Amino acid sequence: MERVVVGCVQMQMRLPQTLDELAENLERFMRTAEAKRARLVVFPQLAGLMAAAPITKGARTGLLKTADLARRSNTSFWTRTRARLAGTLVAGMLKADFGQALEQTLLQRPDDLWQSYVQVFSDLALRHTVTLVAGTTYLVDPADGAVRHLSLVFGPDGELLGQQAAVTLAASELGFVEPGAPWQVIPTPAGRLGIFIGNDMLYPEAGRLLAYAGAEIFVGLGAATSPRTYQRQRHGLLARVEENQLYGVMSFAV
């Protein structure tokens, strides 16, 4: 396999006000990757959720977006003050509230969610002429209409090259999200990719299936709120790499 420079994005989650704001935020990572001549750029698990934020509905979701402004250093005093007040109203409710708003939008506007996600990451791949593994999000799968935890892969021309859904679901996803089909290799100009989402990387069977199918690079997409979760998934991917003697790359949301 030829030498390939890979850009692994580690990022903090934010709720953007618009898709343009999200694209501008992600552009910072892409410029760094381009400066390093990366041909493959990998965004982490759940990073795609940020593309859903501008089109979700609900007063509390609006408060959450306002509260997120408090963390930004370039906002005005009054904006930060208003944001902090909003934050006190929804403290500790980010996950639950945004999850409810997202579930509603998935039921009512699945095509809009799909389009906003594709637009942001496809444009980034095209503008920087790289193969791009988009951060995961929850989408209605066009194949059968089921809600899945998905990552899409885009080529340097912005075209969709393939997708992978999480096969091993988290407990919080059960009853709402359907597991994906068995893991599949996605051919790209940067190599043949096998993608693991979250806990998928903990299982030896996943690595063997992908290795037998001709994968060249294992891509792990993770999200961690604690060192323990991070180490568990990282060690899982390292084990899959060692067992199958393939390259591995991992990207985390923190």
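Here the structure is shown first, and the text comes after it.
What comes next is a walk through the structure. (Residues numbered from 1 in each chain as written. Predicted model: local features only at pLDDT ≥ 70, side-chain atom pairs only at ≥ 80, totals over all residues. Heavy atoms only, no water.)

**So, the environment of Val-219**
Okay, step 1: Structurally, the position occupied by Val-219 is in strand β9 (residues 217–223).
Okay, step 2: A sequence separation of 18 residues divides Val-219 from Met-201, and the C-alpha atoms of the two residues are 9.2 Å apart.
Okay, step 3: When residues no more than four places from it in sequence are discounted, the contact partners of Val-219 are Val-42, Val-133, Leu-193, Gly-194, Ile-195, Phe-196 and Val-249. (Helix = DSSP H or I, 4+ residues; strand = E, 2+ residues; numbered from the N terminus. Contact = heavy atoms within 4.5 Å.)

**Observations regarding the pairing of strand β6 (residues 160–165)**
Okay, step 1: Direction of pairing for strand β5 (residues 147–154) relative to β6: antiparallel, over a ladder of 5 bridges. Note on β6: the bridge partner recorded for Ser-151 is Gln-164.
Okay, step 2: Linking β5 back to β6 in an antiparallel pair, the connection comprises 5 residues, with Gly-158 at a positive phi of about 85°. (Pairing = 2+ DSSP bridges.)

**Focus: the packing of aromatic side chains**
Okay, step 1: Enumeration over the complete set of coordinates arrives at 4 aromatic pairs.
Okay, step 2: On the basis of an interplanar angle of 70° and a centroid distance of 5.5 Å, the ring pair of Phe-43 and Phe-121 is categorised as edge-to-face. With Phe-43 in the loop between β2 (40–42) and α2 (59–68) and Phe-121 in helix α5 (residues 110–128), this pair connects stretches of sequence that are 78 residues apart.
Okay, step 3: Given a relative accessible area of 1%, Phe-121 falls into the buried group.
Okay, step 4: With centroids separated by 4.8 Å and ring planes inclined at 65°, the aromatic side chains of Tyr-230 and Phe-252 adopt a geometry described as edge-to-face. Separated by 22 residues along the polypeptide, Tyr-230 in helix α7 (residues 227–244) and Phe-252 in strand β10 (residues 247–253) bring together distant segments of the chain.
Okay, step 5: Under the relative-accessibility criterion, Phe-252 is labelled buried at 5%.
Okay, step 6: Cation over ring: Arg-208 sits above Tyr-212, and NZ or CZ is 4.8 Å from the ring centre. (Phe/Tyr/Trp six-rings, centres within 6.5 Å; stacked < 30°, edge-to-face > 60°. Buried < 20%, exposed > 50% of the residue type's maximum accessible area, 1.4 Å probe, protein only. Lys NZ or Arg CZ within 6 Å of the ring centre and 35° of its normal.)

**Quick word on the sheet that holds strand β8 (residues 191–197)**
Okay, step 1: Sheet architecture is open: 4 strands sit in the order β7-β8-β9-β10, paired in mixed fashion. The sheet terminates laterally at β7 (185–188) and β10, the two strands that pair on one side only. Between one strand axis and the next, the sheet turns by 30° as a mean value, whatever way the strands run.
Okay, step 2: The sheet contact formed by β9 and β10 spans 7 bridges and is parallel. When the sheet's bridge partners are listed, Gly-222 is paired in β10 with Phe-252.
Okay, step 3: Across the sheet, helix α6 (residues 204–212) lies against β7, β8 and β9, angled at about 165° from β8, the strand it touches most. (Axes fitted to C-alpha atoms, helices over the stretch in contact; angles between N-to-C directions.)

**Notes on the nonpolar core**
Okay, step 1: Judged by nonpolar contacts, the single largest core of 53 residues is most densely connected at Leu-26, Phe-43, Phe-121, Leu-132, Val-133 and Val-219.
Okay, step 2: Here this core gets 8 residues from one element, more than from any other, and that element is α5.
Okay, step 3: By size, the runner-up hydrophobic cluster in this structure holds 14 residues, among which are Trp-183, Phe-196, Leu-237 and Val-241. (Core = buried A, V, L, I, M, F, W, Y, C linked by side-chain atoms within 4.5 Å.)

Function cannot be inferred from these measures alone, as they are strictly geometric.
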